[in-house]
Structure formats: C-alpha cells, structure tokens
Amino acid sequence: MTQITRPFLPFVKPEIDEETIQGVIDVLRSGWITTGPQNQQFEAELSAYVGGRPVRAFNSGTCTMEIGLRIAGVGPGDEVITTPMTWVSTANVILEVGATPVFVDIDPVTRNIDLNLLERAITPRTKAIMPVYLAGLPVDMDRLYDIARAHKLRVIEDAAQAFGSSWRGKRIGAIGDIVSFSFHANKNVTSIEGGALVLNNEDEAELARKYRLQGITRTGFDGMDCDVLGGKYNLTDVAARVGLGQLRQIERFTEKRRELARAYFDAFEGGAAVRLGAGLPTPNFTDSNWHMFQIALPLERLRLTRAEFMSEMKDRGIGTGLHYPALHLFTLYRARGFKEGMFPHAERYGASTVTLPLFTLMSTDDVEHVVKSVDEIFEQFGGDQKENG
Ligand SMILES: *Cc1c(COP(=O)(O)O)cnc(C)c1O
C-alpha cells in the first residue's frame, strides 16, 4: 500500500470563517451573550430566507419538533406518522408530547418515507405527519401535501438536514406547514447547537416564543405572566452569531456540496464498488442540498462486516458515519412492540448504510481518494461470485 501522507479526512467538519469568529468575539465583548439582538437578527434573516414566513430560533432541532407538535395540538391519544429511517429524536418527540408514533417504511430508492404506503397508515386518530428529508433530499412535496389536505392532517416537517434544499424551485421552509430545521455542528448551516421553526402566522410564532422560555410574557417594566407550560429552549447570542455567519454563505455551501456529490458519482463510475452493487444515493442536483453522501454496502457480496469496512476506511485515513440504524429496532421502541420484519426496506438500509465524507472544506481530490479506497476494499474483500461488471 502507498504511504499515506494526507491528513485524516473526517466524515464531516464545519467551516467557520474569520468574519464569523470575529463576530463571536464582538458578541462576547458586547456584554449581551444570551438571547438578544443576534437572535433577533438571526430570526429576521432566516425569515427573509424562507420568503418572509415567521421564524423562531431555538437551541436545538429537537425541541423545535416537539414544540411544533404542541403548536399543532398533538397530544395524548393522537397518532403521528413518520419514518423509521431518521435520527431517533424525530420519534422521541412524538413520545415526549404523549402521542403514538406510527412508522411507515421507506422507499428504497429515495430512502425517505414511502408516500405510496402513507395513506394506508392513516387512522381516525392520526393527527399529523412528520416527513424527514434524509441527507437533504425532499419527498414529493406536492403529493405529501395533497395527502395531508385530503385527510385534514397537520405536517411538521423534520427538515433538520434540508436547510438549503428546495422543491421545484421553492426553498424548503418557504412552503409547507410547520417546518423544523437543525443547526447542529454537523448540519449544512450550524450555530454549534441550534434549530429554527418556520410557522404559519404570528399567533403560532407567539406560541413558539412562549414554549421556548417557560411560557413567560413580560409587559411594561414589571409585568410578568405565564399562561402555557414552556421549557428552556432559547438560543444564545453567541450561537446566533455563528448561525448568522453561516446563513450568509448558504448558497456557496450548497453549491460546493453539489459539486462534491457530482464528483462522487463521477469517481464511482465503473469502479469495483459499483460493479459489486454498492447502493448509491439518488443523483439529484437541483433539490437536494447534499447534506450527506451515503452508500449501502452490498454486504452479501463482501467478505467483511460494515464495522470492518469502516475500520478499513479509518486505516486509510478516512472517517465514516452511520445514519441511521432503523430506529424501531432500538430497545425503547421494541418495548412498544416494534420488531424485525415490520419495515424491511428501512431495516435493510439501516444495516448496510455508511456515510462517506462530505463537507465544504473538502476537495474533489479528497472525493477521489475516498472512492479509490472504497474500490480497493471492495476488490480485496469482494466475494468470488461471477457478477458481470
Ligand atoms: C440533526 C437532526 C435532528 C435533531 O437536531 P438537533 O439539533 O441535534 O436536536 C432531527 N432530525 C434529523 C433528521 C436530524 O438529522
């Protein structure tokens, strides 16, 4: 094997520019470090980005979904339909508000909730749908909202991974019902930790503000009341300033990610990985923000496990991620009666998926190095069945 001289390539790494770092220093020196003017500015610029819809910022993209459900009136006795192929918080928040998660299997091509199966899961108790745009690829939004309208269901979009994505020329967040974004450190736009809710009107935005901080409303110099049970979900101004610096670069970030994704498809072409049948993602370069580049390993044709594949990649100086094991097989959900065989596509994908490096500080040369390494491993550990390539 050739000597590795390149630095370790992680699967994700945030790009924080000097202007943002300086801005954070200014906030720290300003004397106002928690929720204040930067938060307000962040909300204003986020709102402008989603076509003027009301936006409230929060300290995670998890509490946003929980609050979105509360605003939609979802609670005990209600069912919420979602996908088992997501970060576990999507389903956890449904439990958190006392409702029941109902899973629908994924479409094996898009890896998102299968809209062809969705209607069958609707019951008289169904109150809302929580679609997830895995890796930034939206579902068919026209179809989703046709179904929601026909059955009078609310939609709380888990668009945690889809900031910068669009549907037929319209930005995710600029359309739809309640939309939740995450600004976690690994997301396309980060505020270190953080999130935002896009709402339908000022009443919902006001409710979101209350849920964010103990349900408190202040009036005049000394007036204070609490009329809903809120929590502690406010975003610091230090974090908001990071988010502002990131938001202002969203177009460049998305462009760069699409370029890297294209480079992945080019590099994979004709190689061992494709010959052996690694599942490549949907090659969408108009709607997806390419939050991640995920392959599904053809484990039945390889003489190594996924963990061994990840270890081989690490030995070649490359970090990989896992997004996600099918969540209905986690202990918490098994205890609620979910088991193997219920959502075969999600289970199969969840057992074989690996996330390859994709972040704005990478080069197309890095992409080629990743794919060359995948090909090497596939050549070395490929089974001996006579597949035509
Ligand atoms: C990141 C993420 C979340 C949660 O966001 P946090 O900000 O980490 O709470 C929810 N759903 C999906 C699909 C995510 O990728």
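Residues numbered from 1 in each chain as written. Predicted model: local features only at pLDDT ≥ 70, side-chain atom pairs only at ≥ 80, totals over all residues. Heavy atoms only, no water.

So, about the overall build of the protein chain. Across its full length, the protein chain carries 14 helices and 13 strands. Taken over C-alpha atoms, the radius of gyration comes to 22 Å for the protein chain, in line with the 21 Å a tight globule of 389 residues would show. Within the span of the protein chain, comprising 389 residues, buried residues form 56% of the whole. Sequence separation of 24 or more characterises 71% of the internal contacts of the protein chain that already satisfy a separation of 6 or more. With the model as given, the accessible surface of the protein chain reaches about 17100 Å², and the carbon-plus-sulfur share is 52%. In the protein chain, 42 positive and 50 negative side-chain charges are present, and the distance between their average locations comes to 2 Å. (Helix = DSSP H or I, 4+ residues; strand = E, 2+ residues; numbered from the N terminus. Rg over C-alpha atoms; globule rule 2.2 N^0.38 Å. Buried < 20%, exposed > 50% of the residue type's maximum accessible area, 1.4 Å probe, protein only. Contact = heavy atoms within 4.5 Å. Areas by Shrake-Rupley, 256 points an atom, 1.4 Å probe, with all protein chains shown as cover. Lys, Arg positive; Asp, Glu negative; His and termini not counted. Charge placed at Lys NZ, Arg CZ, Asp CG, Glu CD.)

Moving on, we come to the domain arrangement of the protein chain. Taken as a whole, the protein chain is organised into domain 1 (18-247) and domain 2 (250-388). Computed over C-alpha atoms, the centres of domain 1 and domain 2 are 27 Å apart. Contacts between the two partners involve 39 residues from domain 1, matched on the other side by 37 residues from domain 2. Between domain 1 and domain 2 lies a buried interface of about 3100 Å² when both sides are counted; carbon and sulfur atoms form 58% of it. (Domains from an automatic or database assignment. Buried area = accessible area lost by both parts, 1.4 Å probe.)

Residue position: Gln-161 is located in the loop between strand 5 (154-158) and strand 6 (166-167). Spatially, the C-alpha atom of Gln-161 lies 22 Å from that of Ile-71, the residues being 90 residues apart in sequence. Excluding residues that lie within four positions of it along the chain, Gln-161 makes contacts with Tyr-133, Leu-134, Ala-135, Gly-136, Lys-187, Asn-289, His-291, Met-292 and Tyr-324.

Around the ligand lies a shell of 17 residues, among which Gly-61, Thr-62, Asp-158, Ser-182 and Lys-187 are the nearest. A distance of 2.5 Å is found between an oxygen atom of the ligand and a side-chain nitrogen or oxygen belonging to Thr-62. One of the side-chain nitrogen or oxygen atoms of Lys-187 is found 3.2 Å away from an oxygen atom of the ligand. When isolated, the ligand has an accessible area of 380 Å², and the protein chains bury 93% of it. (Near = heavy atom within 4 Å. Polar contact = N/O pair within 3.5 Å; in protein donor to acceptor, adjacent residues only side chain to side chain.)

Attention now moves to helix 1 (residues 18-30). Taking 1.5 Å per residue, 13 residues should reach 18 Å; helix 1 reaches 18 Å between its end C-alpha atoms and fits that length. For helix 1, the secondary structure elements touched by its buried residues are helix 2 (37-49) and helix 8 (237-247). Directly after helix 1, the chain includes Gly-31, whose backbone phi takes a positive value near 95°. (Expected span 1.5 Å × (residues − 1).)

In terms of nonpolar packing, the biggest core is built from 43 residues, with Phe-42, Met-141, Leu-144, Phe-163, Ile-172 and Phe-181 touching the most fellow members. Only helix 2, strand 1 (55-58), helix 5 (115-118), helix 6 (141-150), strand 8 (178-182), strand 9 (195-198), helix 8 and helix 9 (250-268) provide two or more residues apiece to this core. When near neighbours in sequence (up to four residues on either side) are disregarded, Phe-181 contacts Val-50, Gly-61, Thr-64, Ala-159, Ala-160, Ala-162, Phe-163, Ile-172, Gly-173, Gly-195, Ala-196 and Val-198. Core analysis: the second largest hydrophobic core is formed by 32 residues, Phe-309, Ile-318, Val-354 and Val-370 among them. (Core = buried A, V, L, I, M, F, W, Y, C linked by side-chain atoms within 4.5 Å.)

Let us look at the environment of Gln-249. Structurally, Gln-249 is set in the loop between helix 8 and helix 9. C-alpha separation for the pair Gln-249 and Val-189, spaced 60 residues apart in sequence, amounts to 8.6 Å. In contact with Gln-249, not counting residues within four places along its chain, are Asp-17 and Thr-20.

In contact at an axis separation of 9 Å, helix 1 and helix 8 are set at 155° when each is read in the N-to-C sense. On the basis of their axis angle, the class for helix 1 and helix 8 is roughly antiparallel. Between helix 1 and helix 8 lies a crossing of right-handed hand. Residues Glu-19, Thr-20, Gly-23, Val-24, Val-27 and Leu-28 of helix 1 lie in contact with helix 8, whose contacting residues are Asp-237, Val-238, Arg-241, Val-242 and Gly-245. Tallied by class, residues from the contact of helix 1 with helix 8 come to five nonpolar, three polar and three charged. (Axes fitted to C-alpha atoms, helices over the stretch in contact; angles between N-to-C directions. Parallel < 35°, antiparallel > 145°, perpendicular 65-115°, else oblique. Left-handed = near helix turned anticlockwise from the far one by under 90°. Nonpolar A, V, L, I, M, F, W, Y, C, P; charged D, E, K, R; others polar.)

Walk down a regular strand and you will see the side chains alternate between the two sheet faces. Burial of the side chains of strand 2 (residues 79-82) extends over both faces: Glu-79 and Ile-81 are buried on one face and Val-80 and Thr-82 on the other. Taken together, the four bridges between strand 2 and strand 3 (residues 100-103) define a ladder with parallel strand orientation. Note that in strand 3 the partner of Ile-81 across the bridge is Val-102. For the handedness criterion, the β-α-β arrangement of strand 2, helix 4 (residues 89-96) and strand 3 is classed as right-handed. One ladder, built from four bridges, connects strand 2 with strand 4 (residues 126-130); its direction is parallel. Counted as the bridge partner of Glu-79 is Thr-126 from strand 4. (Pairing = 2+ DSSP bridges. Right-handed = clockwise from strand over helix to strand, strands pointing away.)

So, about empty space enclosed by the protein. Counted by the stated rule, this structure contains two cavities of 30 Å³ or more. A volume near 100 Å³ is recorded for the largest cavity. What lines the largest cavity is Thr-110, Arg-111, Leu-134, Ala-135, Leu-137, Pro-281, Thr-282, Ser-288, Trp-290, Met-292 and Gln-294. Here the lining of the largest cavity is built from residues that sort into six nonpolar, four polar and one charged. Residues lining the lining of the largest cavity come from more than one domain, with at least three contributed by each of domain 1 (18-247) and domain 2 (250-388). Of the volumes computed, that of the second largest cavity is approximately 80 Å³. Contributing to the lining of the second largest cavity are 14 residues, with Pro-14, Glu-15, Lys-187, Asn-188 and Arg-257 lying nearest its centre. Among the residues forming the lining of the second largest cavity, the class breakdown is five nonpolar, five polar and four charged. Each of domain 1 (18-247) and domain 2 (250-388) contributes no fewer than three residues to the lining of the second largest cavity. (1 Å grid on protein atoms, 1.4 Å probe; cavity = no way out; pocket = protein on both sides within 12 Å on 5 of 7 lines; lining within 4 Å. Points joined across faces, edges and corners; volume = space filled by probe spheres on them.)

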